[in-house]
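# Residue-level structural notes
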Amino acid sequence: MLLAGWIDRARCLAQQVRLADDYNGLICSMSPQGISLLHDLQRTRQGNRMMIPSGQARYDGTRAPMADLLLLLAYGFGFWLTLGLAAYWGGRGFYSVWFPAAGLRLALLWHAGPRLTTAIAAVEIVVNLIMGRFNPGAPDLAMTLWGILRPVLAYGGVVAVIRWLSTGRRAGVMAPPMPFGLAAVAAPGVAAFSALPEALLRPDRTAVESVQDIMISLTAFAVGDLLGVLIIAPPLLWVAETISQRRSGMIAAFRECAIRGSATLEAALLLAGGIATTWLLNRIGLGSQPMPLILAVAWIGLRSGRFPVWVALTIVSLLILPETAGAFSTIDRLHLHLDLATVVVVGYLAGSYCDAQKQARTDIERRDRLLFQAERLKTLRAMSVAVIHEISQPLSTLAIEAKHLHEITDGADDEIMRSAALVDRKAATLSNLVRRLRRFGGAAVDEPSALPVSALIESVAAIATPEARDQGALLKIGPINPDLVVFAQEVELSQALMNLLRNAIHAANDGQVELTGEKEGKSVRIMVTNRVGTSHRAKAGMRVGALVAQAIVEAHGGHLEKAKVHDGVAHASIILPLAGDDA
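This section reports on the structure supplied with the text. (Residues numbered from 1 in each chain as written. Predicted model: local features only at pLDDT ≥ 70, side-chain atom pairs only at ≥ 80, totals over all residues. Heavy atoms only, no water.)

## Comments concerning helix H19 (residues 490–507)
The end-to-end C-alpha distance of H19, which contains 18 residues, comes to 26 Å, matching closely the 26 Å that a straight helix rising 1.5 Å per residue would cover. Within H19, 15 of the 18 residues are buried, which leaves the element mostly enclosed by the surrounding structure. (Helix = DSSP H or I, 4+ residues; strand = E, 2+ residues; numbered from the N terminus. Expected span 1.5 Å × (residues − 1). Buried < 20%, exposed > 50% of the residue type's maximum accessible area, 1.4 Å probe, protein only.)

Put into structure tokens, the structure is as follows:
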């Protein structure tokens, strides 16, 4: 009877702590602190989901060499084709004021990353050699090769710098579509500026004689590249994203334009009016006036976004470029192309602003949903703390008495001994759970402190193991140096690590997840590893868990490496700076 009484008391307390146990699971997914940290992250690191050239955000370093080779072969053919086409808009001191090859170059660098800069330079050298644009035996071969390499290096450098600026806490306002917009404008300018020393030291190479000729040459260089980049690069990146990421970026854009018939009609009428007004002003002797077209494309961009305005800009370019090809005065051609570049830049920036506003509204809606969830969790936290406070003392008494019961039944009947041992074990487990919940719900843990990595992993493993068992998975803990210490908030880091573990548990196809920690220089890498199938694709969702984990880790001065799949094994890591003498 005594044993039955203890079992009844344990069952009663277990039912009372169920609410607190629910809180334990929820608080590891989200907390008010994590929500507040998430707000800054969403403004700076949110991936654009609407037709944004975003290869830099998705490239993970695992692209097969064969895929790179195919990209380079396609680039070589495209470069050869566009290089020959651009010659129709050439002139004295510059190659072309319409250089679509620059758009191909930036599109490939943005999609695959600046790591292909040297390979792209090699492809351009080979194409120029095949086209007979330089003689390998010429005495000034080094200068010729440098002239080919220079713009490629400038573009690769701009892409690398902007990628670096748009990551981590350096991002600031560098949220999409700002990074690509900056690269599209900065790369032609940097490439043109890099040609200034050669134009000053060796004017004979570009057939320029005066400062005025040099300025015209460099201006034509920048304008040609700018037009090529803003007209050619965006559609190539949209198509590449649609194919490689299986996303319907361009298809969705066509569908949206078809559905919004009134907006499409409005854009068509505005563009037609702008073109007609520009033509009329030119016919009455006022010359080429870009203002009507600027107003038209700015309105289209602000109302509809980048895709519709890109279509409008392409139409304008198709009307102007044939008129300036072939035998045409250099000054007149440059004047018209400067006007066209002004229209293109204004239109693209207006469309980018519209898309940024749409993305901001989406982020605000998501933030509001997260805030609603945070309020619910805040209420649940207060309720859980109250429940924990009420049951902690009787539960401690129960654990002590159960241990005593286990000891005094030593030597009794086997069934009684097993039952007493079971009560002792369950009471101890429940007592440990309540202590852990008190730590999660208490205010003292909000302050950062020195935290051994081994203790963090042990605490998280204790929470994750039952969940992994319910999912039919096995959580393995690798050897961890007990001297590795970070300065952090244990609760917040536990949340971040739990989010990674949950993702790995749900994705593991062999039911095994490994959690390890190791030192890397002045940092510690906490890695979650699991095996996935070769055809594994991420499940759709809000990605709240990943955003919270990323926000928490960056708030601690570290960074999160999201899951990368290599040879069927997914690796996700949290990298944190070490504290104390190990740092």
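## Considering the pairing of strand S6 (residues 559–566)
Alignment of S6 against strand S7 (residues 569–577), held across six bridges, turns out to be antiparallel. Its bridge partner being in S7, His566 is matched across the sheet by Val569. The turn joining S6 and S7, which pair antiparallel and follow one another in sequence, is formed by two residues; a positive phi near 55 degrees is taken by Asp567. (Pairing = 2+ DSSP bridges.)

## Digging into the sheet that holds strand S4 (residues 512–520)
What the five strands build is an open sheet, ordered S2-S4-S5-S7-S6; its pairing is mixed. Each edge of the open sheet is held by one strand with a lone partner, namely strand S2 (474–477) and S6. The mean inter-strand angle of the sheet, taken between neighbouring strand axes irrespective of direction, is 20 degrees. Bridge analysis of S4 against strand S5 (residues 523–531) gives eight bridges, and the strand direction is antiparallel. Bridge pairing in S5 places Glu514 opposite Thr529. Where helix H18 (residues 453–470) meets the sheet, it contacts S2, S4 and S5, and its direction lies at approximately 170 degrees from that of S2. Most of the contacts of H19 go to S5, to which it runs at about 20 degrees, and overall it touches S2, S4, S5, S6 and S7. (Axes fitted to C-alpha atoms, helices over the stretch in contact; angles between N-to-C directions. Contact = heavy atoms within 4.5 Å.)

## Details of a nonpolar patch on the surface
The grouping of Met66, Leu69, Leu70 and Leu73 at the surface amounts to a nonpolar patch, some 420 Å² of accessible area in total. Within the element layout of this structure, Leu69 appears in helix H5 (residues 65–86). (Patch = residues over 30% accessible without salt bridge, like charges linked within 9 Å, V, L, I, M, F, W, Y side chains within 5 Å. Areas by Shrake-Rupley, 256 points an atom, 1.4 Å probe, with all protein chains shown as cover. Salt bridge = Lys/Arg side-chain N within 4 Å of Asp/Glu carboxyl O.)

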